[in-house]
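Coordinate inspection notes
Chain by chain, the residues:
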Amino acid sequence: MSKLLIVIPAHNEEANIVQVVKELTTNYPQYDYVVVNDGSRDKTAAICRAHGYRLIDLPVNLGLAGAFQTGLRFAAENGYDCAMQMDADGQHRPEYIEPMLEALEEGNDIVIGSRFLTVKKPKTLRMVGSYIISWSIRLTTGHAICDPTSGMRMFNRAMVEEFAQNLNYGPEPDTISYLIKNGASVKEVQVEMGERMAGQSYLTFWRSVQYMVKMSVSILLIQWFRKRDTETPYPERSL
Amino acid sequence: MFDQTLIRICLILGSFITAGYILRRVRLAKVQIEDTIFWLLFSAALLILAIFPGIAYWAANLLGFMSPINFVYVVIIFLLLAKQFFMSIKLSQLDSKVRILTEQVALNEEKVERDKLDL
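Cut-offs applied
- Residues numbered from 1 in each chain as written.
- Chains lettered and ligands numbered in written order.
- Predicted model: local features only at pLDDT ≥ 70, side-chain atom pairs only at ≥ 80, totals over all residues.
- Helix = DSSP H or I, 4+ residues; strand = E, 2+ residues; numbered from the N terminus.
- Rg over C-alpha atoms; globule rule 2.2 N^0.38 Å.
- Buried ≥ 20, exposed ≤ 12 C-beta atoms within 10 Å, placed from the backbone.
- Core = buried A, V, L, I, M, F, W, Y, C linked by C-beta atoms within 7 Å.
- Contact = placed C-beta atoms within 7 Å.
- Pairing = 2+ DSSP bridges.
- Axes fitted to C-alpha atoms, helices over the stretch in contact; angles between N-to-C directions.
- Parallel < 35°, antiparallel > 145°, perpendicular 65-115°, else oblique.
- Nonpolar A, V, L, I, M, F, W, Y, C, P; charged D, E, K, R; others polar.
- Left-handed = near helix turned anticlockwise from the far one by under 90°.

Regarding the overall build of chain B
- Secondary structure assignment for chain B yields four helices and zero strands.
- Each helix and strand of chain B, ordered N terminal to C terminal, gives the series α-α-α-α.
- Relative to the globule expectation of 14 Å for 119 residues, the C-alpha radius of gyration of chain B, 23 Å, shows a markedly less compact shape.
- For chain B, the C-alpha atoms occupy an extent of roughly 85 × 35 × 20 Å along the three principal directions.
- Looking at chain B residue by residue over its 119 residues, the buried ones come to 14%.

Regarding the nonpolar core
- The biggest cluster of nonpolar side chains holds 53 residues, and the ones touching the most others in it are Val7, Ile8, Val35, Ala83, Ile110 and Val160 of chain A.
- If you tally residues by element for this core, the top one is strand β1 (residues 4-10) of chain A, at six residues.
- The residues touching Val160 of chain A, leaving out its near neighbours within four places in the chain, are Leu72, Ala75, Ala76, Tyr80, Cys82, Ala83 and Phe155 of chain A.
- In terms of nonpolar packing, the next biggest core, distinct from the first, is built from eight residues, Ala19, Ile22, Val26 and Ile33 of chain B among them.

Quick word on the pairing of strand β6 (residues 153-156) of chain A
Residue and element names in this part refer to chain A.
- Of the two faces of β6, both are covered, the one formed by Arg153 and Phe155 as well as the one formed by Met154 and Asn156.
- Sheet topology note: the strand β4 (residues 82-85)/β6 ladder contains three bridges and is antiparallel. Following the sheet pairing, Ala83 is matched in β6 by Phe155.
- Both strand β5 (residues 110-114) and β6 contribute to a ladder of three bridges, which runs antiparallel. Bridge pairing in β6 links Ile110 to Phe155.

Focus on the packing of helix α7 (residues 173-181) of chain A against helix α8 (residues 205-220) of chain A
All names here are of chain A.
- α8 packs onto α7 with a crossing angle of 10° between their chain directions and a minimal axis gap of 9 Å. Relative to α8, α7 is oriented roughly parallel. For the pair α7 and α8, contact is made by Pro173, Asp174 and Ser177 and by Met215, Ser218 and Ile219, respectively.
- Class assignment of the residues belonging to the contact of α7 with α8 gives a composition of three nonpolar, two polar and one charged.

Observations regarding the packing of helix α5 (residues 128-141) of chain A against α7 of chain A
All names here are of chain A.
- Interaxial distance between α5 and α7 falls to 10 Å at its minimum, and their mutual angle equals 20°. Of the possible angle classes, the one that applies to α5 and α7 is roughly parallel. Considering how the two elements wind past one another, α5 and α7 form a crossing that is right-handed. For the pair formed by α5 and α7, the contact residues are Ile133, Ile137, Thr140 and Thr141 on the first element and Pro173, Ser177, Ile180 and Lys181 on the second.
- Across the contact of α5 with α7, the residue classes tally to four nonpolar, three polar and one charged.

As for unusual backbone geometry
- At Asn12 of chain A, a residue that is not glycine, the phi angle is positive and equals roughly 50°.
- Structurally, the position occupied by Asn12 of chain A is in the loop between β1 and α1 (17-27).
- The exposure class of Asn12 of chain A is buried, given the 20 C-beta atoms found within 10 Å.
- For Ala29 of chain B, which is not a glycine, the phi torsion comes out positive at approximately 55°.
- Relative to the assigned elements, Ala29 of chain B resides in the loop between α1 (2-27) and α2 (33-51).
- Overall, the presence of 20 C-beta atoms within 10 Å leaves Ala29 of chain B in the buried class.

Quick word on the interface of chain B and chain A
- With 15 residues of chain B at the interface, the matching set in chain A holds 18 residues.
- Mapped by element, the contributors of at least two residues to the side of chain B that touches chain A are α1, α2 and α4 (68-118) of chain B.
- For the side of chain B that touches chain A, the element with the most residues is α2 of chain B, which contributes five residues.
- The class makeup of the residues in the side of chain B that touches chain A is eight nonpolar, three polar and four charged.

Given below as structure tokens:
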């Protein structure tokens, strides 16, 4: 079986982090995990230390992309075969890790835990953004990604290294569309997600609009101009 | 009539040069995508104003400007001021992050040296 690292980016998740990690360590001890505390203002880091969780504590807030990249660099440097992102708010259920891992071992580069593969995507205001992004990816790559905004994604070793070393590899739908365009194989696996257990969601209405504008411009326009360079290591260090 | 055509050509050129330059930086992986969105929307705004001068005539008339080109100036100045404002905030945040990081590095270094001294 492949050696999997579960990266749990946590920003102000003191109310949820214990339950999420406890669920993993008691029921799924075969998987390694690491909590990346993204400069939280609450007691997230202290709670992790008190419980003896494996923790990477970022001294300043980097945002999800930076926190996740830290986890992937950890995975790359410590010889993991694959890594996945798991939210610290309890929305992602660990029972779906195994089917996702199986799908990855079939030879896929990226596996997305998708809410809407066999379930119809609801036509609500909250899903407008998801529809627009799905449609943009369909238009520019020809591939159907049913749940592009799902944060539950698993990456193989090659992807882990690429994500760990490069600029503009945020764990977002535009990176997925860019990689599909460059020949990566992406598979979706049907999962169920729970509701956030406690605390505030990061996505307010205004932030959602900003996010949508960024994703649309990025997928429809910018990704055409990117050049994939897997030869030169650490291009971000030569900025 | 001639000078208006010239202005429109200048706006279109400016728009394409902005977009071309920023997309080239993306291609070389020298800029983060979130920082390019503003400039792409900015060049799109210039392009729209150049292709549809009716917008500038209509808005200038509505706001009581002497000449439509003044509306174009106002739009550009407003966008650049807004950008300047947000950049100022971002710079301030970056500044404090660098300070915290430097402090952190120095404190870690001190811890390492103290451990060595104890030996």
